[in-house]
Protein chains: 2
Amino acid sequence: MQFHHHGYVKGDPRILPAAGIGLDRPAELPAEMDVLIVGTGPAGVLLGAQLSMYPEVHTRIIERREGRLELGQADGLQARSIETFQAFGFAERLLQEAYRITEMQFWRPDPADRSRIYRAEATLDSAGVEGSTLSEFPHVICNQARVQDYFCEYMANSPSRMSPDFGWELLGLEVEDGETHPVKATLRRTAGPDAGTERVVRAKYAVGCDGARSVVRKSIGGQLLGDSRNHAWGVMDVLVDTDFPDIRTKCAIQSEAGSILLIPREGNALCRIYVDMGDISPEDHGKVRETPLERIVEIAQSIFHPYRLEVRDVAWWSIYEVGQRLTDTFDDVKPEERGTVEPRVFIAGDACHTHSAKAGQGMNVSMQDTFNLGWKLGSVLTGRSPESLLDTYSVERQVVAQKLIDFDREWSTLMGAKVLDPEHPELGGVDPKEVTAHYLKSEVQASGFGTHYEPSMITESGEHQHLASGYPIGKRFWSAPVVRVCDAVPMELGHHMRADGRWRLYAFAGREAPGQGGAIEAWAQWVRTSPESPYVRTRREGDDAGSVFDVKVVWQQDHDAIEPHDVDDVFRPRFGPFQLRDDELVYAADPKDDIFERRGVSRDGCVVVVRPDMFVATVLPLDRPELLAEFFDGVLLP
Amino acid sequence: MQFHHHGYVKGDPRILPAAGIGLDRPAELPAEMDVLIVGTGPAGVLLGAQLSMYPEVHTRIIERREGRLELGQADGLQARSIETFQAFGFAERLLQEAYRITEMQFWRPDPADRSRIYRAEATLDSAGVEGSTLSEFPHVICNQARVQDYFCEYMANSPSRMSPDFGWELLGLEVEDGETHPVKATLRRTAGPDAGTERVVRAKYAVGCDGARSVVRKSIGGQLLGDSRNHAWGVMDVLVDTDFPDIRTKCAIQSEAGSILLIPREGNALCRIYVDMGDISPEDHGKVRETPLERIVEIAQSIFHPYRLEVRDVAWWSIYEVGQRLTDTFDDVKPEERGTVEPRVFIAGDACHTHSAKAGQGMNVSMQDTFNLGWKLGSVLTGRSPESLLDTYSVERQVVAQKLIDFDREWSTLMGAKVLDPEHPELGGVDPKEVTAHYLKSEVQASGFGTHYEPSMITESGEHQHLASGYPIGKRFWSAPVVRVCDAVPMELGHHMRADGRWRLYAFAGREAPGQGGAIEAWAQWVRTSPESPYVRTRREGDDAGSVFDVKVVWQQDHDAIEPHDVDDVFRPRFGPFQLRDDELVYAADPKDDIFERRGVSRDGCVVVVRPDMFVATVLPLDRPELLAEFFDGVLLP
Ligand SMILES: Cc1cc2nc3c(=O)[nH]c(=O)nc-3n(C[C@H](O)[C@H](O)[C@H](O)COP(=O)(O)OP(=O)(O)OC[C@H]3O[C@@H](n4cnc5c(N)ncnc54)[C@H](O)[C@@H]3O)c2cc1C
Ligand SMILES: Cc1cc2nc3c(=O)[nH]c(=O)nc-3n(C[C@H](O)[C@H](O)[C@H](O)COP(=O)(O)OP(=O)(O)OC[C@H]3O[C@@H](n4cnc5c(N)ncnc54)[C@H](O)[C@@H]3O)c2cc1C
C-alpha cells in the first residue's frame, strides 16, 4: 500500500484524499452528471467503484431499492473475482469471512439400493492450492450483499467520495444527439416523503446494470434472445439439523427423487440448497412460482434419503426460473452504424445475459463486464482516449457472454438430467461419470479464466508472444512471485495492481545486470525521454510521472545484487509534492521460484503490456520500443 | 469466522450482536463502573478490547487526550504482536498497510576510509519466512496510532459497543476497603466546554495504562527503579531525498560521527531516523530536550556521509530520553500481604517499565502485559475464577519486565558504543561483529517469544511435557497447519483462536481412527459427561456448550477418512438458539506437514491446555482425564 509520500496520512490509509467531485460532491442526485449507472448489483457497484477513481468524472449510481441488499441472490465467487477484489483492495477481508471450496462431492443413487444416495466420487478444486494451474486465489462462497458492501465502501473511501443514490427507479431513457449530455433519463422516487414523484436527469453516458428485466436494455431496443424460462429451481438459505455427513462440503446430489446442488455458506452453519424443480412447460405461465416453501423442503428431504434433513430456520428462499438468454447488443449502436456512431448507452451483467445458477457464473461474469467497461469510460471522459475505445466493450463482452451461455446450457442439461440406471439403460438418463468428467474439463471456464479477447485496438495479435509464453495476449495477466528490491520483500507481482485505470508495462530485463547496459537500458531511456514514447507524450503538466503508466522492471539477478543507482530513472521516478523517488517499481526474480521460468519469459527479456482491467494487451521485444509507440498511438491521445 | 448460526447476519459479520452493557451503554462516563482503564496507549486499548468481549462487565477507558493519537511514538511490531492481532481479527488488515522487515543491514566505517560508511553485513529476519523457527507471521513496522485504531474498532464492534472516553485525566486514586466499588478515582475534564471541572468516579478495579509518568503508579506508591535517563535519541519521521541505497531497509549505521537506527515506515516513502545524541550527564537537567530539529538533521547528515540526505518533510520528531527502569510492583498489594489481600489496582506497559526504543519492544511488551491481565479480570468479574487468579498477573509480568530491561541494557550499550577501529584498538570501542552476533542471538527475545511463565495456579510444571515437546508449557502456543475435516480446508490450527476469554483444549488423538475407540473416546466422553469434568461443572444454564472451553480434536488420519458420526459429540456440540451442530472443531493432520511431527506430539495422543492469552498451561495424557479436573479445580469456580 502506498501513502505518506504526499505528507503524513494520519488516519486509515485506505481512505484516499478527496479530489475533484469528491471535494464537494452533491448529496442529492443532480440534474446533470457524466455517467449515470442504473442498479447496484455486482455489475453496477464494480463500475461505480472503478469510476470513483476518476474524480474528474461525476458518476452517480441509482438504485430502485431503498437501501443496501441484505441477503439472497448469488454467492459463488470464482478465483477470477477474488483476483479482481485484490485490485480493489478487499480480497483478504472478504476471504476471511467467506466459505472456501476445496472439493466437490458427487452423491448418486446407491447401486445396491437405488432409493438411497451414496458418496460416489470427489473432485478437487485446485484454485488457491499450492501449484494450482488456475490461480493463487481460491474459489469461495460469499453473499452478493457483502460483495456489494465492499465495493460501496471502496467508493466511499475513493477520491470521489461516492455513494449510491438509493430510492430512484429508472422509468426509461432516450439519447438526444447533439447535446453535451445526450442521455435523458426519467426517474421516479421510490422511497421517502416524495415517493412517486418523477424527475428527468441528463448524463453524457448511461450504463444499465439493472438486471434481467433491464429498463435500459428495453430503452435502447435491446432484446434477450433464447429460452426465457425453461427450468425452475427452488433455492433456500437454511440452517439445518442433519446427519448428512457432507453438509459443509459442496455437493452435487443426484438421486432417483431428483437433484440438488448443496452449497455450504460462509459463517459456519448456513447452507444453500438448490432443489431442481424440473423443466417448465410453455403452458406453465409462472405457476411454478406459486410452489410453497414446504414443498421445496419436502422434495429436498426425499432427495437426501436415507439422511435426515430438518430445516430449523429459513433466511431466504425463492423460486428461480432460468433459461439461457443473451442480448443482441451491449450498447446503443446499431450493427450497421458501428464505427460511425459512438455508443452512449451500455448494458452489463444480467441485463445482457441470464442463465442458470448451477455453474456459479452470474455475479462473476457481470462484474467482469463492467471491469472491462469502467476504465474505458474513465479514459474517454478524461480525454485520454478516443471515443472509439468504447466500441471494444460490446465486441469483447458479447463473445464472452455467448461462451457463458453455451457453457451453462451444457452444464445445466447434464446436471438437470435423470441419472442413468446401469441395470436399466433403456430408461435413459445421463451417465454420472459424464457429469464429473464435464465438471473437471470446464474448470478453467468455471473459474473465470476462459476469457480470451480477440485482437482489437487494445489487444494485439501476438507476433511476439513467444517472448512470454506464460502471458497469453488477450488473457488475464496472471501474477507470480518476485522479490521487491528496495526492501527485499517476497511478494506477488500482480498483487501490486490496483484498479486505478493505469496501464502496466512490465519490463523483464535481459541477461545483463543493472548498470551493464543491454536492451533494457536503451528501452528504459527511450520510454523516459523519447518524444514518441507514450509515457512522455501522455504526461500532462502537473501530473506525476506514472499517472498513466505503471512501469515496473523485473531483473533476472538476485535482489541483493541490484543497486538502485544502477537502475534507470524510469523505474525510480520522482513523484508527489516532495518529489521523492518511488522505490517500489524495481523487482528481482525470486531464486526459489523464478518468474522467468514460471511464466516462460525469454532470457532476452521483453515487455508485457497490461490493460487497466488486468488483461495482457501485448508482448513486445525490448529492442523495438517504437512498437510500444505504435500500439499506444491509437489508444491514448496525445 | 463463525456467524449466521443464531440466524442470518445481514451486515458485516465482524460487528457482533450487542449484549449486556452494549445494549444500552451510557454515552457519558458513569459514576460507577466495574473496570476503569486509564490511558489509550497500546496497553490500554488491548485491555479495553479484551474486556469488551465480556459484556456483563462494564469497562470504561479514559484518556487525557481529546481524541485519538495521530502520529509519533512507537512503530515496531514483533511477530508475537501480529499473532495477538490475529486473535483480535485484524492481523491481515494491519499487515496490508505495514512495512515488512525481512533483513537488517549493518553499515560501518569503511576500513579504507573511516570517514565514510559502507555496507558491512546483513542479517535476515526469519519471522514470517517459510520454515521460520519463530513464527508464521512477520516482523513489521506500523505506527502505534494505527494499532490503537484497530483495537478501538474491535471494541466498537464488540458486544459491549465500547469506545474510549476522551478528554478525562486521572488526577489520583485511592482504594477504600469494604466498598463494592473500592477504587475511588478523581478525574479532570481536559476538553469541551466543561474543561477543568473535576469528578469522582468509582470502580471495582482500576488499571493504569498511563505511560511512563503514570499517576496510577504514583497513587499506589509504586516507583520506577533504575536509571531514569541515561541516554538521548533524536527521533524523526521524515520524507527524504537521498542516494543512500538502503533507505527502504532497516539499518544500523555506526559511523565515526555517531550512530543511527534507520527504520523504513509503512507507505512507501516515509522513514524514521533515530539519531544517537549520546549519554546524558546527571547535570544535563533536560537541556538535551532543547536540541533543535536542525541539529538532529545535521548529525544525521554527517553520519550518512558520503551519502546525501535531504529532509523534504518532517511529520513528527522528538527528543527521546531513555534509561532502563522497572517498577517494584505491578499492583497495589504489598509483598508482605500477597496471598491475604487481593489486588484492586494494576499498572501495565510503560507505567511499569521504560527502556530504549532500539530493540523495538515498548509497544509490544505493553500489549502482552494487558493480554495477560485482561482475561483474568474478565474471569474474576464474571464469577468464573477466584480473586487469587489476579495475583498471577504481577508475578508473571514482573519477570518478563526484568528480562526486557536486562535485554535492552545490553542491546543499547552495544548499539550506543563507539565502534572499534582495528588499526587503533587503544582508542577503545566495541567490535562491530559483536553487535551483529548479539542481534542474531537475541532474535527469540526480540521477536517477543522469550516469555516463559513459571509454574503457578495457571501454568503447570510439566510432568507430561514429553507428550508434546513442541508445546513448551509456559510458552505461547505456536500454531501449525492442519486440515479442517468438515470442509477439507487446510488452515492454521492456532488462527482459530479468538481473544474471547475461553480456555482451549486441544485433544490430539492417539493411533486409533474415529470410531475405533482408544483413549481419545474415553477422554471425550469423560469431558462431556463426568460431573467432575470442568467442561460440565462450569457450564451455566442457558449457556452454550463451549462457552468456557473451546474443545478441538486433531486426528492422525487423513481428513477424508474421518466421518462426522464417528466423532464424539464433545467435538460436535450443539449450539445457538437452533441447536445446530458446530462442525468446525474436528481437524486432521495435514499429510504434507504433519502437526504431530512438527510439534513433537506423541502418537499416543495427549491434551494441550491453552490459556485465554494463548499460553500453554499444561500438557496432559489422554488416559488420565482426572488431571484435567485437578488443574481446573483451582482456576475455575464450580
Ligand atoms: C431473486 C434473485 C435470485 C437469484 N438467485 C441466484 C442464485 O441463487 N444463484 C446465482 O448464482 N445467481 C442468482 N441470481 C442471479 C445473480 O444475482 C445475478 O447474476 C447477478 O446479481 C447479476 O448482477 P447484475 O449486477 O447484473 O444484476 P442484479 O444483481 O440483478 O442487480 C440489478 C440491480 O438493479 C436494480 N434495478 C433494476 N431495475 C432498476 C430500475 N429500473 N431502476 C433502478 N434500479 C433498478 C435492482 O434493484 C438491482 O439492485 C439471482 C438473481 C435474483 C434477482
Ligand atoms: C513521546 C513519546 C515518544 C516515543 N517514541 C518511541 C519510539 O520512537 N519508539 C518506540 O519504540 N517507543 C517509543 N515510545 C514508547 C512507546 O510509545 C511506549 O513504549 C508504548 O506506547 C507503551 O504503551 P503504553 O500503553 O504503556 O503507554 P503509552 O503509549 O504511553 O500510553 C499512555 C496513555 O495514557 C494517557 N495518559 C497518561 N496519563 C494520563 C492520565 N493521568 N489520565 C488519563 N490519561 C493519561 C496518555 O495520554 C497516553 O495516551 C515513545 C513514547 C512517547 C510518550
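Only a predicted model underlies this, so the values are computations on that prediction, with no experimental measurement involved.

Colleague: Sorry, what's going on with the site of ligand 1 here?
Modeller: All names here are of chain A. E63, R65, Q144, Y274 and D350 are the nearest of the 30 residues found near ligand 1. In the environment of ligand 1, an oxygen atom lies 2.8 Å from a nitrogen or oxygen atom belonging to the side chain of Q144. With respect to ligand 1, the side chain of Y320 contributes an N or O atom lying 3.2 Å from a nitrogen atom. Burial of ligand 1 by the protein amounts to 87% of the accessible area it has alone, namely 960 Å². Only α1 (42–51), β9 (168–175), β16 (270–279), β17 (309–322) and α7 (362–381) provide two or more residues apiece to the shell around ligand 1.

Colleague: What should I look at first to understand the sheet that holds strand β24 (residues 549–555) of chain B in this one?
Modeller: Working definition: the strands of a sheet are paired by backbone hydrogen bonds and lie parallel or antiparallel to each other. Residues and elements named next belong to chain B. Read across the open sheet, the seven strands follow the order β22-β21-β27-β24-β23-β28-β29; overall the sheet is mixed. Each edge of the open sheet is held by one strand with a lone partner, namely β22 (489–492) and β29 (616–620). Ignoring which end each strand starts from, the neighbouring axes of this sheet average 30 degrees apart. The sheet contact formed by β24 and strand β27 (residues 586–589) spans three bridges and is parallel. Its bridge partner lying in β27, W555 is registered against A588. Its contacts with the sheet put helix α14 (residues 626–633) on β23 (503–508), β24, β28 (606–610) and β29, and the angle it makes with β23 is roughly 165 degrees.

Colleague: What is the right way to look at the relation of the copies chain B and chain A in this model?
Modeller: One copy of the chain maps onto the second through a rotation about an axis and a displacement along it. The two copies are related by a screw operation: chain B maps onto chain A through 180 degrees of rotation and 0.0 Å of translation along the axis, at an RMSD of 0.0 Å. Such a combination of turn and shift is consistent with a two-fold rotation axis.

Colleague: Where do I start with the interface of chain B and chain A in this structure?
Modeller: By a frequent convention, interface size equals the accessible area lost on bringing the separate parts together. Taken residue by residue, the interface counts 60 residues in chain B and 60 residues in chain A. Interface area, chain B with chain A, both sides summed: about 5,400 Å², of which 50% is carbon and sulfur. Among the residues of chain B in contact with chain A, Y8, Q96 and N268 of chain B are the three that bury the most area, contributing 14% of the side total. Linking chain B with chain A are 10 salt bridges, by the criterion used here. A salt bridge links E70 of chain A to K10 of chain B; the shortest N-O distance between them is 3.7 Å. Inspection of the region where chain B meets chain A yields 36 residue pairs in polar contact (both at pLDDT 80 or more). At the level of elements, α3 (91–97), β4 (99–101), α4 (144–157), β13 (231–242), β17 (309–322), β22 and β25 (574–575) of chain B are the ones that each hand at least two residues to the side of chain B that touches chain A. If you tally residues by element for the side of chain B that touches chain A, the top one is α3 of chain B, at four residues. Across the side of chain B that touches chain A, the residue classes break down as 22 nonpolar, 14 polar and 24 charged.

Criteria and cut-off values
Within each chain, residues carry numbers counting from 1 in the order of the written sequence. Chain letters start at A and ligand numbers start at 1, both assigned in the order the entries are written. Only residues with pLDDT of at least 70 are given local features in this predicted model, and only at 80 or more are side-chain atom pairs given and counted; all residues enter the totals for whole chains, interfaces and linings. Values shown for side chains rest on all heavy atoms present in the structure; no hydrogens or waters enter the calculation. Nearness of a residue to a molecule or strand requires only that one of the residue's heavy atoms be within 4 Å of it. Think of a polar contact as two N or O atoms within 3.5 Å of one another; within protein, one of them needs to be a possible hydrogen donor and the other a possible acceptor, and neighboring residues in sequence only count if both atoms come from side chains. Here the Shrake-Rupley method, with its probe set to 1.4 Å, supplies the accessible areas, and only the displayed protein chains count as covering residues. We count a stretch as a helix when DSSP gives it H or I for four or more residues in a row; a strand needs E for two or more, and each element gets its number in order from the N terminus. For two strands to pair, DSSP has to find at least two bridges joining them. Orientation is described by axes fitted as lines to C-alpha atoms, over the contacting stretch for helices, and by angles from 0 to 180 degrees between their N-to-C directions. Here, residues are in contact when the closest pair of their heavy atoms is within 4.5 Å. Here the copies are superposed with least squares, the fitted atoms being C-alpha atoms of residues at a pLDDT of at least 70 in both. Throughout, buried area stands for the accessible area (probe radius 1.4 Å) lost by two parts on being put together, summed over both. Counted as salt bridges are all cases of a side-chain nitrogen of Lys or Arg within 4 Å of a carboxyl oxygen of Asp or Glu. Any residue that is not Ala, Val, Leu, Ile, Met, Phe, Trp, Tyr, Cys, Pro, Asp, Glu, Lys or Arg is counted as polar, Gly included; the first ten are nonpolar and the last four charged.

None of this, on its own, says anything about what the molecule does.
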